[in-house]
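Listed below are the residues making up each chain.
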Amino acid sequence: MAGGKAAVSPQMRAVASYMARAPRRALPAAVIEKTKHHIADSLAAMVSGSRLAPGRLAASYARTEGGRPEAGVAGTRIVTSAVGAALANAMMAHADETDDSHQPAFFHPGCAIVPAALAMGERDRRSGAELMRAVALGYDIGARVNFALGAMKFHLAGHSTHSFGALFGAAAAAGALARLPERGMRHLLSYTAQQAAGVSCWMRDPDHVEKAFDFGGMPARNAVAAATMVASGCTGVEDVFSGERSFFVAFARDAEPERLTAGLGRTWEILNANVKKWSVGSPIQAALDSLEALLAEHRFGARDVARVTIEVQDHEAAIVNNRDMPDICLQHLAALMLLDGTVTFASSHDERRMKDRRVLEMRRRIEFRGSAELTRAGGRQAIVEVELAGGRQLRHHTQVVKGTAGNPMSRAEVDAKCYDLVAPILGKKRGRALLDAVWSLERLSDVRKLRPLLQG
């Protein structure tokens, strides 16, 4: 049923206006630096993910789809439509657990926002400065949509916050790079809401392929489709966030729409996002930090270990408990840390070691449980207790994980992580050139200049 001219709520006016001004809004120095960290991290995840099963399948799909040559697909020579490139690159970015996360909003922003922004930046030949502003905007909008929905309650009800926040964040970034005006941004948000989807049964995906689509590919594809449709003149509902049959009425009647604008322009959510030190599932990060600290301080070996007890937040325990995939199985990764003294990208993705006799024997000594107390404490925490063969008891409580807002990685640490991911695929020279280009994005005149650096 068609309606008359609807009123536009203060929340929608504030959000759409903020989004429309983003391409011209200067970012604070700290936000510029952190945005570079997340762009570098996401591009590295795309490149490394191009060689994993979800990435290979996404590239194959993009190749069969064809499309107007607007944007490149990382790790390949494919140049396709912005929509197709966004889908493929985003699936690569979440082909495993290398990409970033935003724990308070409970989603992985970079794997959708950066590929969508890159595709639109290439399509419309935007500058590196505009790319950074669009990405920072995406983190702001994606996180706030999840906050307004009530992230954890929304997730526990069966919805995928990882899809919703990523979709709105990617759409905001794509819309900014399309330079949509305020009214265009309102229509963009309506087209975005119409494509909002995601069911948290992604936890049952044994191959990480659908999960790569749910977290990255679907949000990035839908976001770029919405932005390009509105940029081509498509119009829509003026305010999808309020009024009869609105987005929040459909998805969360107890939502808090005021959180869409809370702190907007003052609290930059990219500063609250996490870059992973370890290329493994987010709930495992704290446990590996604790094991690394205990090994460094007490210098014991695997044969000295009698028993290990690991506690993480109970609401995340099922995500990593005895999973079939090596990079999201806490017991397996803890065993690798104890046996090898560290966990690398290569070891965390080596499926053969899931059946290794020494690894399996070490896993039998590891007890894992969820903790309601750690959940109430917040953050991303873990308590690891190690009992040595002689009866000596060791304990470490990681309260602030390395790479999180409270304990951030330095540029050098992010660079080292990213170089290790891209150099084996791009080569040392091109890998170095790619990262150098990211660290000087404000001097990049055309985002399309990144394309040859990302090609495999």
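Residues numbered from 1 in each chain as written. Predicted model: local features only at pLDDT ≥ 70, side-chain atom pairs only at ≥ 80, totals over all residues. Heavy atoms only, no water.

## Section: the pairing of strand E5 (residues 382-388)
Extensive coverage of E5 is indicated by the burial of five of its seven residues. Where strand E3 (residues 305-313) and E5 come together, seven bridges link them in antiparallel fashion. The residue bridging Val-305 from the neighbouring strand is Leu-388, located in E5. As defined by bridge partners, E5 adjoins strand E6 (residues 393-398) across six bridges and the pair is classed as antiparallel. Paired with Glu-387 across the bridge in E6 is Gln-393. Connecting E5 to the next strand, E6, in antiparallel fashion are four residues, including Gly-391 with a positive phi near 100°. (Buried < 20%, exposed > 50% of the residue type's maximum accessible area, 1.4 Å probe, protein only. Helix = DSSP H or I, 4+ residues; strand = E, 2+ residues; numbered from the N terminus. Pairing = 2+ DSSP bridges.)

## A closer look at empty space enclosed by the protein
Summed over all chains, the structure comprises six cavities of 30 Å³ or more. Of the voids in this model, the largest cavity is the one considered here, and its volume is about 150 Å³. In this structure, the largest cavity is lined by 18 residues; those nearest its centre are His-108, His-162, Ser-282, Pro-283 and Ile-319. Elements represented by at least two residues in the lining of the largest cavity include exactly helix H10 (209-231) and helix H13 (314-320). Its residues assigned to classes, the lining of the largest cavity shows seven nonpolar, seven polar and four charged. Its volume calculated, the second largest cavity comes out at about 60 Å³. Surrounding the second largest cavity, Ser-101, Asn-274, Val-275, Lys-276, Lys-277, Ser-282, Gln-285, Arg-380, Val-401, Lys-402, Gly-403 and Thr-404 form its lining. In terms of residue class, the lining of the second largest cavity is made up of two nonpolar, six polar and four charged. (1 Å grid on protein atoms, 1.4 Å probe; cavity = no way out; pocket = protein on both sides within 12 Å on 5 of 7 lines; lining within 4 Å. Points joined across faces, edges and corners; volume = space filled by probe spheres on them. Nonpolar A, V, L, I, M, F, W, Y, C, P; charged D, E, K, R; others polar.)

## Some words on the layout of surface pockets
The probe, sized like a water molecule, is rolled over the atoms to show the empty space still left. Its volume calculated, the second largest pocket comes out at about 340 Å³. Forming the walls of the second largest pocket are 15 residues, and the residues nearest its centre are Lys-277, Val-343, Phe-345, Lys-417 and Asp-420. Listed by contribution, the elements that provide at least two residues to the lining of the second largest pocket are helix H15 (345-348) and helix H18 (411-426). Looking at which element gives the most residues to the lining of the second largest pocket, the answer is H18, with five residues. Its residues placed into classes, the lining of the second largest pocket shows seven nonpolar, three polar and five charged.

## Here's the deal with the side chain of Arg-323
Its location among the elements puts Arg-323 in the loop between H13 and helix H14 (330-340). Despite being buried, Arg-323 has no salt bridge partner; Asp-324 is the closest side chain of opposite charge, sitting 6.5 Å away. When near neighbours in sequence (up to four residues on either side) are disregarded, Arg-323 contacts Met-203, Asp-205, Ala-318, Ile-328, Cys-329 and Met-354. (Lys, Arg positive; Asp, Glu negative; His and termini not counted. Salt bridge = Lys/Arg side-chain N within 4 Å of Asp/Glu carboxyl O. Contact = heavy atoms within 4.5 Å.)

## Some remarks on unusual backbone geometry
Backbone geometry places Arg-125, a non-glycine residue, at a positive phi of 55°. Position of Arg-125 among the secondary structure elements: in the loop between helix H5 (110-124) and helix H6 (128-149). Residue class for Arg-125 comes out partly exposed when judged on its relative accessible area of 48%. Unusually for a residue other than glycine, Arg-179 sits at a positive phi of about 55°.

## Comments concerning H5
The end-to-end C-alpha distance of H5 is 20 Å, a good match for the 21 Å that 15 residues give at a rise of 1.5 Å each. With respect to burial, H5 is a largely interior element, 13 of its 15 residues being buried. Where H5 ends, the next residue or the one after it, Arg-125, has phi of about 55°, a positive value. (Expected span 1.5 Å × (residues − 1).)

## Points about the sheet that holds E3
Reading across the sheet, the four strands line up as E4-E3-E5-E6 and stay open at both edges, with mixed pairing between neighbours. With partners counted over all chains shown, the strands left at the sheet margins are strand E4 (366-371) and E6, one partner each. For this sheet, the mean inter-axis angle between neighbouring strands, taken without regard to orientation, is 15°. (Axes fitted to C-alpha atoms, helices over the stretch in contact; angles between N-to-C directions.)

## Points about the side chain of Asp-100
Here Asp-100 lies in the loop between helix H4 (82-93) and H5. Among the polar contacts made by the side chain of Asp-100, one reaches the side chain of His-38 at a distance of 2.7 Å. For Asp-100, the side chain forms a polar contact with the main-chain nitrogen of Gly-110, separated by 2.8 Å. (Polar contact = N/O pair within 3.5 Å; in protein donor to acceptor, adjacent residues only side chain to side chain.)

## A closer look at the packing of helix H8 (residues 161-177) against H10
Axis separation between H8 and H10 bottoms out at 8 Å; the angle between their running directions is 35°. Here the hand of the crossing between H8 and H10 comes out right-handed. Of H10, the residues touching H8 (which contributes His-162, Ser-163, Ala-166, Leu-167, Ala-170, Ala-171, Ala-174 and Gly-175) are Asp-214, Phe-215, Met-218, Pro-219, Ala-220, Asn-222, Ala-223, Val-224 and Ala-227. The residue inventory of the contact of H8 with H10, partitioned by class, reads twelve nonpolar, four polar and one charged. (Left-handed = near helix turned anticlockwise from the far one by under 90°.)

## Some remarks on the pattern of salt bridges
What the rule picks out here adds up to 31 salt bridges. Where Arg-125 meets Asp-446, a salt bridge forms, and the shortest distance between an N and an O atom there is 2.7 Å. In this pair, Arg-125 sits in the loop between H5 and H6 while Asp-446 sits in the loop between helix H19 (428-439) and helix H20 (451-454), placing the two residues 321 residues apart along the sequence. For Asp-446, a relative accessible area of 10% puts it in the buried group. Its salt-bridge partner being Arg-186, residue Glu-238 comes within 2.8 Å of it at the nearest N-O pair. Remark: Arg-186 occurs in helix H9 (residues 182-194) and Glu-238 occurs in the loop between H10 and helix H11 (247-251); sequence separation between them is 52 residues. By relative accessible area, which is 17% here, Glu-238 ends up buried. Owing to a relative accessible area of 9%, Arg-186 belongs among the buried residues under this scheme.

## Comments concerning the packing of aromatic side chains
Here the structure, examined in full by the defined rule, presents ten aromatic pairs. Ring geometry for Phe-168 and Phe-241: centres 6.0 Å apart, planes at 40°, overall tilted. On the criterion of sequence distance, the pair formed by Phe-168 in helix H8 and Phe-241 in the loop between H10 and H11 is long-range, its members being 73 residues apart. A residue is classified by how much of its surface remains accessible, and Phe-168, at 0% relative accessible area, is buried. Given the relative accessible area of 5%, Phe-241 is considered buried. Both rings, one in Phe-247 and one in Phe-248, keep their centres 5.2 Å apart while their planes meet at 70°; by these two values the pair is edge-to-face. Exposure class is identical for Phe-247 and Phe-248. Each is buried. (Phe/Tyr/Trp six-rings, centres within 6.5 Å; stacked < 30°, edge-to-face > 60°.)

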